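The chain contents come next:
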Amino acid sequence: MGKGRENNLPTHYVQIDDKLCNGCVLCMKACPTKAIRVRNGKARIRGVCIDCGECIRACPRGAVKAITTVQDAARMKPYTILSSSPVLYTQFGEEVTPNDILLALRKVFRHVYDQAYVNELFNVATEFYIRERRETEEEGWPLISPICPVVNRLIAYRFPQLFKNILPLIPPREIAAREVRRRLYCESVFKTEEFGIYHLSPCSAKMISIKEPLFLNSSYLDGALGINEVYEEIKKFIGKDNSNIMIHRSGGVGIWWGMSGGEIAGLDSGKYLAVSGMPETIKYLEMIEMGLLGNIEYVEFRACSEGCIGGPMTAVDKYEAKHVLQKLVRTYGVRKKVDYSQARKAYREGWFLADRKTDIPPHRSGTLSISEAIQRQERVEEVYRLLPKKECGICGSPDCRTFAEDVVDGEADLDDCPIHKSRDRKVKIVHEG
Amino acid sequence: MPQLTKTFPIKARDFIRAGEVSIQIQGLLKTIGFEPALIRRVSICAYESEMNVVMHGGDGTLTLNVDPSVILIEVKDDGPGIENIELAFQEGYSTASKEYREMGFGAGMGLPNIKKSADTVEIRSQKGGGTYLKMCFLLSRGDGQGTGK
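For clarity, every value in this text was computed on a predicted model and none was experimentally measured. (Residues numbered from 1 in each chain as written. Chains lettered and ligands numbered in written order. Predicted model: local features only at pLDDT ≥ 70, side-chain atom pairs only at ≥ 80, totals over all residues. Heavy atoms only, no water.)

Undergrad: Please clarify how the overall build of chain B should be interpreted in this entry.
TA: Tallying secondary structure elements over chain B gives five helices and five strands in all. Sequence-ordered secondary structure for chain B, helices as α and strands as β, is β-α-α-β-β-α-α-α-β-β. Against the globule reference of 15 Å for 149 residues, chain B gives a C-alpha radius of gyration of 15 Å, in line with a compact fold. Across its three principal axes, chain B shows a C-alpha extent of roughly 45 × 30 × 25 Å. Evaluated residue by residue, chain B yields a buried proportion of 48% over its 149 residues. Surface accessibility of chain B: about 7,400 Å² in total, with carbon and sulfur atoms responsible for 50%. Positive and negative charge centroids in chain B, built from 17 and 18 side chains respectively, lie 3 Å apart. (Helix = DSSP H or I, 4+ residues; strand = E, 2+ residues; numbered from the N terminus. Rg over C-alpha atoms; globule rule 2.2 N^0.38 Å. Buried < 20%, exposed > 50% of the residue type's maximum accessible area, 1.4 Å probe, protein only. Areas by Shrake-Rupley, 256 points an atom, 1.4 Å probe, with all protein chains shown as cover. Lys, Arg positive; Asp, Glu negative; His and termini not counted. Charge placed at Lys NZ, Arg CZ, Asp CG, Glu CD.)

Undergrad: Is there a simple way to think about unusual backbone geometry in this case?
TA: Note on backbone geometry: most residues besides glycine have negative phi, and most peptide bonds are trans. Residue and element names in this part refer to chain A. The amide bond that connects tryptophan 141 to the next residue, proline 142, takes the cis arrangement and shows omega of -5°. Summarising the element assignment, proline 142 is placed in the loop between helix 4 (115–136) and strand 7 (143–144). Despite not being glycine, asparagine 40 shows a phi value in the positive range, around 50°. Looking at where asparagine 40 falls in the secondary structure, it is placed in the loop between strand 2 (36–39) and strand 3 (42–45). Judged by its relative accessible area of 79%, asparagine 40 is exposed.

Undergrad: How should I be thinking about the environment of Gly277(A) in this particular structure?
TA: Residues and elements named next belong to chain A. Along the chain, glycine 277 falls in the loop between strand 10 (272–276) and helix 11 (278–289). Expressed as a C-alpha distance, the spacing of glycine 277 and phenylalanine 301, which sit 24 residues apart in the sequence, is 8.3 Å. Those residues in contact with glycine 277 that sit more than four places away from it in its chain are Arg302, Ala303, Cys304 and Ser305. (Contact = heavy atoms within 4.5 Å.)

Undergrad: How should the nonpolar core be read in this particular structure?
TA: Nonpolar side chains in soluble globular proteins generally cluster together in the buried interior. Grouped together as the largest cluster of nonpolar side chains are 75 residues, with contacts concentrated most on Ile155(A), Tyr298(A) and Phe352(A). Here this core takes nine residues from helix 4 of chain A, the largest share from any one element. When sequence neighbours within four positions are dropped, the list of residues in contact with Phe352(A) reads Leu121(A), Phe122(A), Ala125(A), Pro168(A), Leu169(A), Ile170(A), Ile175(A), Ala343(A), Ala346(A) and Tyr347(A). One finds Phe34(B), Leu111(B), Ile114(B) and Ala118(B) within the second-largest nonpolar core, a separate group that totals 35 residues. (Core = buried A, V, L, I, M, F, W, Y, C linked by side-chain atoms within 4.5 Å.)

Undergrad: Help me understand the packing of aromatic side chains in this model?
TA: Residues and elements named next belong to chain A. Under the criterion given, the structure shown has ten aromatic pairs over all chains. Their ring planes at 85° and their centres at 5.6 Å tell us that phenylalanine 122 and tryptophan 257 sit as a pair that is edge-to-face. Taken together, the positions of phenylalanine 122 in helix 4 and tryptophan 257 in the loop between helix 9 (252–256) and helix 10 (262–265) put the pair 135 residues apart, joining distant regions of the chain. Both residues of the pair, phenylalanine 122 and tryptophan 257, belong to the buried class. The rings of Phe128, Tyr347, Trp351 and Phe352 are connected pair by pair, giving a single aromatic cluster. For arginine 178, the ring lying beneath its charged end belongs to tryptophan 351, and the centroid distance is 5.3 Å. Arginine 401 extends its terminal NZ or CZ atom over the ring of tyrosine 384, reaching a point 4.2 Å from the ring centre. (Phe/Tyr/Trp six-rings, centres within 6.5 Å; stacked < 30°, edge-to-face > 60°. Lys NZ or Arg CZ within 6 Å of the ring centre and 35° of its normal.)

Undergrad: I tried to follow the state of the cysteines on my own but got confused; where do I start?
TA: Such a bond, covalent and formed between the sulfur atoms of two cysteines, is termed a disulfide. All names here are of chain A. In this structure the tally under the stated criterion is zero disulfides over all chains. Cysteine cysteine 392 is unpaired, with the sulfur of cysteine 395 as its nearest cysteine sulfur at 6.1 Å. Residue cysteine 395 is classed as buried on the basis of its relative accessible area, which comes to 14%. (Disulfide = S-S within 2.5 Å.)

Undergrad: I would appreciate a short explanation of the interface of chain A and chain B in the present structure.
TA: How big an interface is tends to be stated in terms of accessible area lost as the parts join. With 28 residues of chain A at the contact, the number on the chain B side is 29 residues. Both faces considered, chain A and chain B share a buried interface measuring about 2,500 Å² in area, 59% of it formed by carbon and sulfur atoms. One can count two salt bridges joining chain A with chain B. Among the salt bridges present, the one from Glu289(A) reaches Lys30(B), with a minimum N-O distance of 3.2 Å. (Buried area = accessible area lost by both parts, 1.4 Å probe. Salt bridge = Lys/Arg side-chain N within 4 Å of Asp/Glu carboxyl O.)

Undergrad: Is there a simple way to think about the pairing of strand 6 (residues 111–114) of chain A in this case?
TA: Walk down a regular strand and you will see the side chains alternate between the two sheet faces. All names here are of chain A. Pairing geometry for strand 5 (residues 79–84) and strand 6, over four bridges, is parallel. Across the sheet, serine 83 pairs through a bridge with tyrosine 113, a residue of strand 6. On the question of chirality, the crossover connecting strand 5 to the parallel strand 6 by way of helix 3 (residues 98–108) is right-handed. (Pairing = 2+ DSSP bridges. Right-handed = clockwise from strand over helix to strand, strands pointing away.)

Undergrad: So what exactly am I meant to see when it comes to the sheet that holds strand 10 of chain A here?
TA: Whether parallel or antiparallel, the strands of a sheet pair through hydrogen bonds between backbone atoms. Taking strand neighbours across the sheet as the criterion, the three strands line up as 7-11-10 (chain A) in an open arrangement whose pairing is parallel. If you trace the sheet from one side to the other, it starts and ends with strand 7 and strand 10 of chain A, each paired once.

Undergrad: Help me out: how do you make sense of the environment of Gly396(A) in this one?
TA: Residue and element names in this part refer to chain A. Along the polypeptide, glycine 396 turns up in the loop between helix 14 (370–386) and helix 15 (400–408). Separated by 20 residues in the primary sequence, glycine 396 and arginine 376 place their C-alpha atoms 21 Å from one another. Every residue in contact with glycine 396, bar those within four places of it in the chain, is listed here: Met28, Arg37, Val38 and Arg39.

Undergrad: Help me understand the packing of helix 4 of chain A against helix 6 (residues 172–186) of chain A, please; the structure alone is not making it clear to me.
TA: All names here are of chain A. Relative to each other, helix 4 and helix 6 sit at 115°, their axes nearing to 9 Å. When the interaxial angle is binned, helix 4 and helix 6 end up roughly perpendicular. Between helix 4 and helix 6 lies a crossing of right-handed hand. Taken together, the residues of helix 6 that come into contact with helix 4 (itself represented by Gln115, Val118, Asn119 and Phe122) are Pro172, Arg173, Ile175 and Ala176. Among the residues making up the contact of helix 4 with helix 6, the classes are represented as five nonpolar, two polar and one charged. (Axes fitted to C-alpha atoms, helices over the stretch in contact; angles between N-to-C directions. Parallel < 35°, antiparallel > 145°, perpendicular 65-115°, else oblique. Left-handed = near helix turned anticlockwise from the far one by under 90°. Nonpolar A, V, L, I, M, F, W, Y, C, P; charged D, E, K, R; others polar.)

Undergrad: Even after reading the chapter, I still don't get the packing of helix 5 (residues 149–158) of chain A against helix 11 of chain A, so can you show me in this structure?
TA: A packed helix pair is summarised by two numbers, namely the angle formed by the two axes and the spacing between the axes. All names here are of chain A. For the pair helix 5 and helix 11, the least separation of the axes is 12 Å and the interaxial angle reads 45°. In terms of orientation, helix 5 lies oblique with respect to helix 11. You can see that helix 5 and helix 11 cross each other, and the crossing is right-handed. Contacts between helix 5 and helix 11 involve Val150, Val151, Leu154, Ile155 and Arg158 on the former and, on the latter, Met278, Thr281, Ile282, Leu285, Glu286 and Glu289. Of the residues in the contact of helix 5 with helix 11, the class split is seven nonpolar, one polar and three charged.

Here it is in structure tokens:
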């Protein structure tokens with residue numbers, strides 16, 4: 001669980017409960033980075049896991065879980081400050097306003113912060129950045145949204161040459177946490193060890209983005225909680241606070257971020273694209289890599305289908321959430337409620353700029369020379385030709401090609417393929433190769 | 001000398017699967033661990049030549065040949081051939097139909113892009129006789145570090 005780096009593989013915050021796992025192939029099949037194998041009847045994460053949560057969704061037995069601060073709740077600081085993803089506003093039906101939700105959240109945790117407002121500030125910063133870049137750069141388009149931690153990791157491990165395309169601004173959740181932290185320091189309300197800032201999120205990758213951030217030297221957040229983990233508790237307090245405090249400050253634009261297309265909806269005119277869902281994200285990253293989208297300025301990628309409302313740690317179905325979200329956008333309007341001159345000043349002062357680490361995390365288990373790698377690939381092709389291409393996964397590898405790689409790397413035995421094995425013993429099996 | 005050869009079929013007018021071959025090649029080269037800049041050059045050429053076959057060439061094949069010092073791509077098709085090869089290498093010259101242009105293709109940049117991205121290009125074609133295209137990519141850093149799997 002998130003500790004230790006075996007073979008230089010990235011840390012991850014997804015864990016399989018052996019007591020519940022029955023060794024079926026569903027999570028292994030769902031994994032977009034082919035990081036899961038079934039060995040000795042149990043699923044094992046052993047490759048490049050990017051915390052996307054596809055395995056959490058795929059498991060019918062609830063054996064795959066995301067590790068969040070909830071599992072370690074005893075160590076949460078006495079004064080908790082919550083910043084919530086706008087997805088939370090979509091989880092309680094269309095009658096409950098964002099402010100009602102924030103007030104209820106305040107009953108459960110001590111302090112809350114409306115992150116949707118910072119989303120709108122971020123939109124303004126993105127506009128400034130794109131405008132500046134249009135004047136200076138001709139190459140290196142499109143820019144890629146830095147918001148989705150899964151996409152950032154996918155790029156780091158599978159598309160490292162696109163890493164430089166990621167917009168070098170700090171995501172709103174971190175900006176919000178930083179400002180809250182600064183204010184609390186300045187006002188010396190609490191001692192530093194007394195308070196903790198946590199992010200309430202639909203996302204299984206927030207934990208990794210906090211523990212091992214890619215664009216910051218260290219995160220301003222102390223941890224993350226899944227919306228589904230605290231949902232029932234928040235629900236109890238909805239409508240129980242009759243104070244007139246307004247915590248919610250954003251317009252519809254900041255809330256819109258909860259669904260695919262919402263981030264670019266908050267930008268002024270330009271050539272933008274919103275792509276959501278893992279297969280589409282991979283496909284479009286491949287296209288960018290081939291230089292096919294050089295006419296686009298900004299791509300909002302979200303690993304979850306339909307955007308963050310489709311996250312694995314939500315409490316209601318994404319389409320239900322989408323309906324509520326669309327109503328919220330209509331209610332709160334499509335104009336940003338931010339002060340442009342203030343935003344411009346903050347931008348000039350470097351408020352949004354990331355202190356990005358330039359190195360990309362190590363992501364390969366071995367280092368072979370090109371010669372050795374070609375030889376390995378030849379052997380992989382050889383083994384692959386022997387396989388039945390039924391893609392069944394019974395061998396414990398996600399598909400025949402990956403199995404061939406596992407055999408060549410000594411991590412599986414050719415006899416682990418039951419079809420190959422039975423054919424070897426002249427048992428007749430109908431297949432068309 | 002280790003060598004890897006793989007042939008991929010390309011089907012005429014199959015716009016649903018068009019681009020698949022270049023994506024597969026890109027993945028294969030990435031697995032081997034070539035330099036990203038080189039992979040990009042090869043992918044652009046694979047894509048442009050694959051699309052040329054899909055749009056103009058009839059059925060064809062793309063053969064990839066990888067060894068530690070050079071990547072070679074040969075594309076053959078049994079299509080109508082290129083009438084004027086010199087013109088075909090001119091930026092903006094296109095024989096694409098209105099239909100293809102409406103699909104966003106046919107900007108006349110295919111062969112010019114290939115010429116820009118490959119180290120050497122050899123083309124043999126005549127009207128009615130199909131087209132043969134050979135592209136070479138040299139590994140400037142020789143047997144550089146791969147990354148394994």
